[in-house]
Amino acid sequence: MKIKDIRDLSREEQLNKVRELSEELCRLKFNHGIRPLENTAKIRQTRQTISRIKTILREENAA
């Protein structure tokens, strides 16, 4: 997700997205532990997207 897309979401949608992505990250890590993933970059991308959303949430709280 791009930052513009994240900023367009409401606070509730952002929180739900973080929750969904956290669950997906957990599944990806678990599956990678069992059998190597074909696209290991997906783990990194998911982690970065979670960080982006959390950063936007913190910016909105600080303002």
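Residues numbered from 1 in each chain as written. Predicted model: local features only at pLDDT ≥ 70, side-chain atom pairs only at ≥ 80, totals over all residues. Heavy atoms only, no water.

A. Structural detail: the pattern of salt bridges. Within the structure shown, the criterion is met by 3 salt bridges. Residue Glu59 is joined to Arg7 by a salt bridge in which the shortest nitrogen-to-oxygen separation is 3.1 Å. One end of the pair, Glu59, is in helix α3 (residues 41–62); the other, Arg7, is in helix α1 (residues 3–8), and 52 residues separate them in sequence. Since its relative accessible area comes to 45%, Arg7 is described here as partly exposed. Across the pair Glu24 and Lys42 runs a salt bridge, and its minimum N-O distance is 3.5 Å. With Glu24 in helix α2 (residues 11–34) and Lys42 in helix α3, this residue pair connects regions lying 18 residues apart in the sequence. (Salt bridge = Lys/Arg side-chain N within 4 Å of Asp/Glu carboxyl O. Helix = DSSP H or I, 4+ residues; strand = E, 2+ residues; numbered from the N terminus. Buried < 20%, exposed > 50% of the residue type's maximum accessible area, 1.4 Å probe, protein only.)

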